[in-house]
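Geometric and topological summary
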Amino acid sequence: MAKQRKHIKVTYSTLGSPDPLLHEYFEEDVAELKNNLGARYKMLINGERAEGDGELENRSPINTDWLLGVFACASAAHVNQAVAAAKAAFPAWRATPWQERCDLLNRVADLISERLFEISAAVSMEIGKNRLEAIGDVEETADLIRYCVDAMRDNAGFDRQLLSESDQHFNRSVLKPYGVWGVIGPFNFPAALTGGPTGAALIAGNTVVLKPAAEGSLTACLIAQCVQDAGVPAGVFNMVLGGDEPGMALTAHPDLAGLTFTGSYDVGMSIIKTFSTAAGYFRPVIAEMGGKNPTIISANADLDKAALGVMRSAFGLTGQKCSACSRVYVEAAVKDEFLDKLVDLAAAVKVGDPTDADTYMGPIISADAYQAYQRYIDEMSAGRILAGGWAGRHLAPTEGKGYFVAPTVVADLPDDHRLWRHEMFAPIVAVRGVDSPEEAMRLANGVALGLTAGMYSEDPAEVEWFLDNIEAGVLYVNRATGATTGAWPGYQSFGGWKGSTGSNKAAGSWYYLQQYMREQSHTIVA
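I will try to describe carefully the structure that is included in this document. Keep in mind the model is a prediction, meaning the values are calculated, not measured.

Conventions we followed
Residues numbered from 1 in each chain as written. Predicted model: local features only at pLDDT ≥ 70, side-chain atom pairs only at ≥ 80, totals over all residues. Heavy atoms only, no water. 1 Å grid on protein atoms, 1.4 Å probe; cavity = no way out; pocket = protein on both sides within 12 Å on 5 of 7 lines; lining within 4 Å. Points joined across faces, edges and corners; volume = space filled by probe spheres on them. Helix = DSSP H or I, 4+ residues; strand = E, 2+ residues; numbered from the N terminus. Nonpolar A, V, L, I, M, F, W, Y, C, P; charged D, E, K, R; others polar. Pairing = 2+ DSSP bridges. Axes fitted to C-alpha atoms, helices over the stretch in contact; angles between N-to-C directions. Buried < 20%, exposed > 50% of the residue type's maximum accessible area, 1.4 Å probe, protein only. Expected span 1.5 Å × (residues − 1). Arc of directions from axis to C-beta. Contact = heavy atoms within 4.5 Å. Salt bridge = Lys/Arg side-chain N within 4 Å of Asp/Glu carboxyl O. Phe/Tyr/Trp six-rings, centres within 6.5 Å; stacked < 30°, edge-to-face > 60°. Lys NZ or Arg CZ within 6 Å of the ring centre and 35° of its normal. Parallel < 35°, antiparallel > 145°, perpendicular 65-115°, else oblique. Left-handed = near helix turned anticlockwise from the far one by under 90°. Core = buried A, V, L, I, M, F, W, Y, C linked by side-chain atoms within 4.5 Å. Right-handed = clockwise from strand over helix to strand, strands pointing away. Patch = residues over 30% accessible without salt bridge, like charges linked within 9 Å, V, L, I, M, F, W, Y side chains within 5 Å. Areas by Shrake-Rupley, 256 points an atom, 1.4 Å probe, with all protein chains shown as cover. Lys, Arg positive; Asp, Glu negative; His and termini not counted. Charge placed at Lys NZ, Arg CZ, Asp CG, Glu CD.

This brings us to the layout of surface pockets. What the second largest pocket holds in volume is close to 780 Å³. Around the second largest pocket, the lining is made up of 48 residues, and of these Tyr12, Glu140, Phe189, Ala487 and Phe494 lie nearest the centre. At the level of secondary structure, the elements contributing two or more residues to the lining of the second largest pocket comprise α5 (131-154), α6 (192-204), β11 (258-262) and β12 (285-288). Within the lining of the second largest pocket, the residues separate by chemical class into 22 nonpolar, 18 polar and 8 charged.

Take the sheet that holds strand β22 (residues 517-525) next. With respect to topology, 3 strands assemble into an open sheet ordered β6-β7-β22, the strand pairing being antiparallel. Each edge of the open sheet carries a strand with a single partner, namely β6 (159-161) and β22. Across the sheet, the mean angle from the axis of one strand to that of its neighbour is 20°, orientation sign disregarded. As defined by bridge partners, β6 adjoins strand β7 (residues 169-177) across 3 bridges and the pair is classed as antiparallel.

Turning next to the sheet that holds strand β4 (residues 54-59). The sheet built from 3 strands is open, its strands ordered β1-β5-β4 with mixed pairing. Pairing within the sheet leaves two strands with one partner each, and these edge strands are β1 (40-41) and β4. Here 6 bridges tie β4 to strand β5 (residues 67-73), and the two strands are oriented antiparallel to one another. Residue Gly54 lies in a different strand from β5, and its bridge partner there is Cys73.

Our focus in this paragraph is unusual backbone geometry. Backbone geometry places Phe158, a non-glycine residue, at a positive phi of 60°. On the secondary structure map, Phe158 appears in the loop between α5 and β6. The backbone phi angle of Phe425 is positive, close to 55°, even though this residue is not glycine. Along the chain, Phe425 turns up in the loop between β16 (408-411) and β17 (428-434). Since its relative accessible area comes to 23%, Phe425 is described here as partly exposed.

Moving on, we come to helix α1 (residues 21-34). Each α-helix turn comprises 3.6 residues. Residues three or four places apart therefore point the same way. The first and last C-alpha atoms of α1 sit 20 Å apart over 14 residues, in line with the 20 Å expected at 1.5 Å per residue. Along α1, the positions that sit buried rather than exposed are Leu22, Tyr25, Phe26, Asp29, Val30 and Leu33. Seen along its axis, α1 keeps its buried residues to an arc of 130°; they face one direction. On the buried face of α1, the contacting elements are α4 (116-127), α5 and α7 (217-229).

Now for helix α3 (residues 98-114). With 17 residues, α3 should reach 24 Å at 1.5 Å per residue; the first-to-last C-alpha distance of 24 Å fits that figure. Within the sequence span of α3, burial applies to Arg101, Cys102, Leu105, Asn106, Val108, Ala109, Leu111, Ile112 and Ser113.

Moving on: the pattern of salt bridges. A full pass over the atoms with the stated rule returns 26 salt bridges. A salt bridge links Asp255 to Lys87; the shortest N-O distance between them is 3.5 Å. In this pair, Asp255 sits in the loop between α8 (244-251) and β11 while Lys87 sits in helix α2 (residues 76-95), placing the two residues 168 residues apart along the sequence. Relative accessible area serves as the criterion here: at 34%, Asp255 is assigned to the partly exposed category. For Lys87, a relative accessible area of 46% corresponds to the partly exposed category. As a salt-bridge pair, Asp143 and Arg146 come within 3.1 Å of each other at their nearest N and O atoms. One end of the pair, Asp143, and the other, Arg146, are both in helix α5, 3 residues apart, so they sit about a helical turn from each other. One salt-bridge network, held together by shared partners, links Lys9, Asp110, Glu139, Asp143 and Arg146.

What follows deals with the packing of aromatic side chains. Scanning the model with the defined rule gives 8 aromatic pairs in all. Ring geometry for Tyr370 versus Tyr403: centroids 6.4 Å apart, planes at 40°, classification tilted. Of this pair, Tyr370 sits in helix α12 (residues 367-379) while Tyr403 is found in the loop between β15 (384-387) and β16, placing the two residues 33 residues apart along the sequence. We classify Tyr403 as partly exposed; its relative accessible area is 22%. Chaining the aromatic ring pairs together yields one cluster made of Tyr178, Trp181, Tyr512 and Tyr516. Positioned over the ring face of Phe189 is Lys129, at 3.6 Å from the centre of the ring. Lying across the ring of Phe275, Arg283 places its NZ or CZ 3.9 Å from the centre.

Right, let's get into the packing of α3 against α5. Where α3 meets α5, the closest approach of the two axes is 9 Å, and the angle between their N-to-C directions is 165°. One finds that α3 runs roughly antiparallel with respect to α5. For the element pair α3 and α5, the recorded crossing hand is left-handed. Taken together, the residues of α5 that come into contact with α3 (itself represented by Trp98, Arg101, Cys102, Asp103, Leu105, Asn106, Val108, Ala109, Asp110, Ile112 and Ser113) are Val138, Glu139, Thr141, Ala142, Ile145, Arg146, Val149, Met152 and Arg153. Considering only residue class, the contact of α3 with α5 consists of 11 nonpolar, 3 polar and 6 charged.

We now examine the nonpolar core. Counting 164 residues, the largest nonpolar core has Ile297, Phe338, Val409 and Leu513 as the members making the most contacts within it. By residue number, the principal contributor to this core is α5, which donates 11 residues. Here Ile297 is in contact with Leu303, Ala306, Val310, Val328, Tyr329, Val330, Glu331, Phe338 and Tyr456, once residues within four sequence places are set aside.

Moving on to the pairing of strand β9 (residues 207-211). With 5 of 5 residues buried, β9 is to be regarded as a mostly interior element. On the question of chirality, the crossover connecting strand β8 (residues 180-184) to the parallel β9 by way of α6 is right-handed. Pairing geometry for β9 and strand β10 (residues 237-239), over 3 bridges, is parallel. Note that in β10 the partner of Val208 across the bridge is Phe237. The parallel pair β9 and β10, bridged by α7, forms a crossover whose chirality is right-handed.

Once that is clear, we can look at a negative patch on the surface. A grouping of Asp336, Glu337, Asp340 and Asp344 is seen on the molecular surface, where their side chains present a negatively charged patch. By the element assignment, Asp340 lies in helix α11 (residues 332-348). Its relative accessible area of 52% is what places Asp340 among the exposed residues.

So this is what it looks like as structure tokens:
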């Protein structure tokens, strides 16, 4: 039976709520999840729960003694079954009036909001997000779906009349769905970046096969339950679980008409090169492939605001955001003052169990990520580590059973150091002094990725110069809540330039939903 609770909204701009019920609701659902550890979860294929060929144990990065669930693992045969079910369901779903599809997906969004704290408890324990970021992730999922519903309605189903030669001619442009759409989600936003693209594809009239990241399996199962409970017909939405094997089988499937991928640059580029032309013709790939996001700090900046914004963007979600701030270029005249402020903020970051109310930074996602952090710290001997570093060895409040690391600030790495270019996905920010904003811009633009970027300056001319010259898709100026992070559907579009994107279109904006459809021209002569 659904819990009757007051709706409390948290966004990435606020990351807070004055309502004490938020904490009460969240803690109730964390306790409930802890009381039900080790449950078994199946896949969803053609409206039925399906076993796999093996099982995957999903343990919390907070404490690896916590077995969050045991999940069925898909083989290539299960992927074939899911794609076949989606293909069989496509004609009826395509023929369903777009208004009805919108109503159904609005119901999905409403169920996600109703189950906000149940799902966010799973996000926090599964991924290590602090409670406010976890709640924001889930609420963003619902808002991404609602935003696409509104886009479909505002454009009347994307059926538009064109010019006509005479009264006997009727010409129009219609956007129509592709067919079976694959969604491969990342671990770091297990709700928003699985549920959001799934909702967009379904609203557009495609059927979907979702393959979430293994680390986000529990969250994906809870989102899938919302889709099923909303009444989306069998076969229209399918979910396969597991590691790399089902993901590779999905991207290689000849009956897949389009794909949304969120993940690393290397994997994304490989998918774009093979998937888009493997059928002998273009198949769309909507890809978001990470960032190496810079912040430029002028001598005319408010340094308190700049330090706070950089800290929040560098260390939120333990640095595991594609939009995390990992590079700072600060004018030499204010470099030392800025560093003092940033180091003080880093030292004050509360690291620990992210389900606790006063924790800002939880664990890194896995043993592999923990070891990668250690390697990055070793590589930073070429610079000056001013905060964090090997202190991370001693930050595990769960007696060594959690993957806790330290918020780290490093200064003066050599310009040819690989960590200026490599996306670390760890709570590490590198700071370099520059002689001028122009030098900062040259360095900021000198990488292959271009997702987000920030600037701090109280000089309007400098701000306009930044906006005109930076090569990134999401820009923030003088934002204390996040130097390079914090997009929300309808408020900021979110998409990259250069190697950060496969389509050069952004989510939560005017142009996103159309990517899930193709255009057809109709001319009828009476």
